[in-house]
Amino acid sequence: MSGTPYLFRRGNRFSFRIAIPADLRDIFQCREVVRSLKTERRAEAVPLALKMAAEALILFNEARTMDMTEKRRIQALRDKLSLKEQMHNDELRNIEVDRRLEILKTKAETVLKTENEILKSVVQSRGERSVVQSGGAGDSVTSKSKAPLLSAVINEFVAEYDPTKKAMLGKHRTNLPRLLDSISDKHVDEIRHIDLSRHCADYCKQAHLKTFKSYKSSISQLIDWTRARYERAFDNVDMRSIKYSGSRDEPEGKQRAFKDTELVKLFTCEEMQEHCKNGKGVHKFWLPVVGLFTGARVSEICQINPQKDVILDDSGVLYLSINNDGEGKSVKTAAGVRVVPVHSRLIELGFLDYVESVRKAGHTRLFPQWAQKKGAKAGDSAGHDFRRFLEDIGLRDSTKGRALTGMHGFRKTVLTHAYKGGFLGAILPIIGHENDVLDESGNKVPAVSLSYVDEDALKVPLADKAATIEKLSFDIDFVKPCAPILSRLARKA
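Residues numbered from 1 in each chain as written. Predicted model: local features only at pLDDT ≥ 70, side-chain atom pairs only at ≥ 80, totals over all residues. Heavy atoms only, no water.

### Concerning the overall build of the chain
The number of helices and strands found in the chain is 20 helices and 6 strands. When contacts within the chain are restricted to residue pairs at least 6 apart in sequence, those whose partners lie at least 24 apart make up 68%. Counting only carbon and sulfur atoms, one obtains 50% of the accessible surface of the chain, whose full area is about 28000 Å². (Helix = DSSP H or I, 4+ residues; strand = E, 2+ residues; numbered from the N terminus. Contact = heavy atoms within 4.5 Å. Areas by Shrake-Rupley, 256 points an atom, 1.4 Å probe, with all protein chains shown as cover.)

Okay, here's the thing in structure tokens:
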């Protein structure tokens, strides 16, 4: 999927796709519209796709305002086409072979003719409404809204959103087009509370509580931003009164920690040993072992730049810098920007040699073997590959609420080992939970109390973090991996 809504690549060429709103599928007799843009150049495809989307959204809006007479006329044409197609199909089954081509040609002509009649009917309906709106003879002029369309407001809101808040910006780019597809491209002063209430109720049927809260936050921010700029925008809409009405109170895919026996199987199985012996596949060993000894998220690991994010401190501590400084980088929260000391076990296994190989080859991501698609997170491909590996070696567990399906299991494993070892509070800043400060009794310190503490006092020294990370210990007989085989990037002049 490309970063532009309605645009996707099919083979070498770009195509346009838009979903038909559920309330209009009976009229259009399909779930989506897909059209080839007949170009391989993205620069040409983007404006074409956006233009077609605008035309389609206008047509959807007009289709909603057609009266029952117009809808019955279109449905009659659809029935006529269906009946003729059935007659042709019956005839095809009963005729000789030499007449089949003739019947097929006639059938195609019938489809084209009837589809043209349907199109003319829609266009005619549009023209008749245009006469009323423009004040034709004997008709009263219907006032037009001066407020912008929802699509224009969403584009403007996303364009002006703080680019440093990458995580929330990504959610807006995912959530708001879904809102647009559902309630259609109305003027923002025509959208009522009932529109959003029904939409959110439908959304809740498929989403769990946490996802709904994130989705509702995107809509609420859009509404607040729009109301500050356009009169009567989202009039009478009260997002605070819209509550979660689904039954999925927690993510069904919530993951648990790896068991000790599962870790042994993962890192000593024949498949993993083969990866360790293969220079072209050795990255499939390094990804999970780095996850095990850091507790970092898969995207955080994959976006590490070996040229500048693997650093030796003046005190002699080697650490990974996890940040959002660079193209394609992001962190989930503000606490996600942090430094993570490199565990001595990783160094023993040859992690520095691996990093140096990637660095010399000119790459700017720790695992260039997994391509990062535009608009996707750095760890999407790697995470998908690891999930499939777990399934292949028989470790995948789909138990609801306690699943083991991917890299996030290592994060839970680190937290679980820290809890059992009595150093949970010390490990939280390392894995990106700097706000979870614990007191001497192990209780979380309230945010109000923290506001009275100097920021410098809350920062954990690198040496202390290094001592904490070394407390992670796993009884695994790792196979030492071979050197990676990497394609060398051409140096820029």
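### With respect to the pattern of salt bridges
Going through the model one piece at a time under the given rule, you end up with 15 salt bridges. Linking Arg232 and Asp235 is a salt bridge whose minimum nitrogen-to-oxygen distance equals 2.9 Å. On the basis of relative accessible area, Arg232 is assigned to the exposed category, the value being 53%. Through salt bridges with shared partners, one network takes in Arg256, Glu262 and Asp397. (Salt bridge = Lys/Arg side-chain N within 4 Å of Asp/Glu carboxyl O. Buried < 20%, exposed > 50% of the residue type's maximum accessible area, 1.4 Å probe, protein only.)

### Observations regarding the nonpolar core
In terms of nonpolar packing, the biggest core is built from 58 residues, with Leu266, Phe267, Trp286, Leu287 and Val289 touching the most fellow members. Setting aside residues up to four positions removed in sequence, Trp286 forms contacts with Leu346, Leu349, Gly350, Phe351, Tyr354, Phe367 and Pro481. Grouped together as the second largest cluster of nonpolar side chains are 48 residues, Val153, Leu169, Ile183 and Leu196 included. (Core = buried A, V, L, I, M, F, W, Y, C linked by side-chain atoms within 4.5 Å.)

### Overview of the sheet that holds strand E3 (residues 32-36)
Pairing is antiparallel across the open sheet formed by 3 strands, whose spatial order is E1-E2-E3. Each edge of the open sheet is held by one strand with a lone partner, namely strand E1 (7-10) and E3. Strand-to-strand twist of the sheet, defined as the mean angle between neighbouring strand axes without regard to direction, takes the value 30°. Direction of pairing for E1 relative to strand E2 (residues 13-19): antiparallel, over a ladder of 4 bridges. Opposite Phe8, over in E2, you have Ser15 as the bridge partner. Contacts from helix H2 (residues 42-64) reach E1, E2 and E3, with the element oriented near 20° to E2. (Pairing = 2+ DSSP bridges. Axes fitted to C-alpha atoms, helices over the stretch in contact; angles between N-to-C directions.)

### Some details on the packing of helix H11 (residues 283-294) against helix H16 (residues 408-421)
Here H11 crosses H16 at 30°, and the two axes come no closer than 7 Å. Looking at the two axes, H11 sits roughly parallel to H16. The element H11 and its partner H16 pack so that their crossing is right-handed. Of the residues in H16, those touching H11 at Pro288, Gly291, Leu292 and Thr294 are Phe410, Thr413 and Val414. (Parallel < 35°, antiparallel > 145°, perpendicular 65-115°, else oblique. Left-handed = near helix turned anticlockwise from the far one by under 90°.)

### What to know about the packing of aromatic side chains
Taken as a whole and judged by the stated rule, the model has 19 aromatic pairs. Arranged with centres 6.3 Å apart and planes meeting at 85°, the rings of Phe267 and Phe285 form a pair that is edge-to-face. Linking Phe267 in helix H9 (residues 260-268) with Phe285 in helix H11, this pair joins segments that are 18 residues apart in sequence. Across the pair, exposure class does not vary: Phe267 and Phe285 are buried alike. Seen from their ring centres, Phe267 and Phe478 are 5.1 Å apart, and the 70° between their planes marks the pair as edge-to-face. (Phe/Tyr/Trp six-rings, centres within 6.5 Å; stacked < 30°, edge-to-face > 60°.)

### Notes on H9
Of the residues making up H9, those classed as buried are Glu262, Leu263, Leu266 and Phe267. Down the axis of H9, the buried set is contained in an arc of 120°. They therefore lie on one face. H9 presents Asp260 and Thr261 as exposed residues on the side facing more than 90 degrees away from its buried surface. Elements that come into contact with the buried residues of H9 comprise helix H10 (270-277), H11, helix H15 (380-392) and H16. (Arc of directions from axis to C-beta.)

### Thoughts on the sheet that holds strand E4 (residues 310-312)
Sheet architecture is open: 3 strands sit in the order E4-E5-E6, paired in antiparallel fashion. With one partner strand each, in any of the chains shown, E4 and strand E6 (338-341) form the two edges of the open sheet. The sheet shows a mean angle of 35° between the axes of neighbouring strands, taken without regard to direction. Inspection of the sheet shows E4 paired to strand E5 (residues 318-322) by 3 bridges, in the antiparallel sense. Bridge pairing in E5 links Val310 to Leu320. Strands E5 and E6 of the sheet are contacted by helix H20 (residues 462-469), whose axis makes an angle of about 50° with E6.

### Side note on the side chain of His283
With respect to the helices and strands, the residue His283 is situated in helix H11. On the basis of relative accessible area, His283 is assigned to the buried category, the value being 5%. In this structure the side chain of His283 is engaged in a polar contact, spanning 3.4 Å, whose partner is the backbone oxygen of Lys280. With near-sequence residues (within four places) excluded, His283 lies in contact with Tyr354, Phe367, Gln369 and Trp370. (Polar contact = N/O pair within 3.5 Å; in protein donor to acceptor, adjacent residues only side chain to side chain.)

### Observations regarding a negative patch on the surface
Residues Glu270, Glu271, Glu274, Glu391 and Asp392 make up a contiguous surface patch of negative charge. Counting residues per element, the ones that place at least two in the negative patch are H10 and H15. (Patch = residues over 30% accessible without salt bridge, like charges linked within 9 Å, V, L, I, M, F, W, Y side chains within 5 Å. Lys, Arg positive; Asp, Glu negative; His and termini not counted. Charge placed at Lys NZ, Arg CZ, Asp CG, Glu CD.)

### Looking at the environment of Ser357
In this structure, Ser357 sits in helix H14 (residues 351-360). Remark: the alpha-carbon pair of Ser357 and Pro306, spanning 51 residues in sequence, is separated by 9.4 Å. In this view, Ser357 contacts Pro484 and Leu486; residues no more than four positions away in its chain are not counted.

### Considerations on the packing of helix H5 (residues 150-160) against helix H8 (residues 209-227)
Packing of H5 against H8 brings their axes to within 10 Å, and their N-to-C directions diverge by 95°. Taken together, the axes of H5 and H8 lie roughly perpendicular to each other. Residues Leu150, Val153, Ile154, Glu156, Phe157 and Glu160 of H5 lie in contact with H8, whose contacting residues are Gln221, Leu222, Trp225 and Thr226.

### Describing the environment of Met52
With respect to the helices and strands, the residue Met52 is situated in helix H2. Along the primary structure Met52 and Tyr6 are separated by 46 residues, whereas in three dimensions their C-alpha atoms are 9.0 Å apart. For Met52, the contacting residues outside a window of four places in its chain are Phe16, Arg35 and Leu37.

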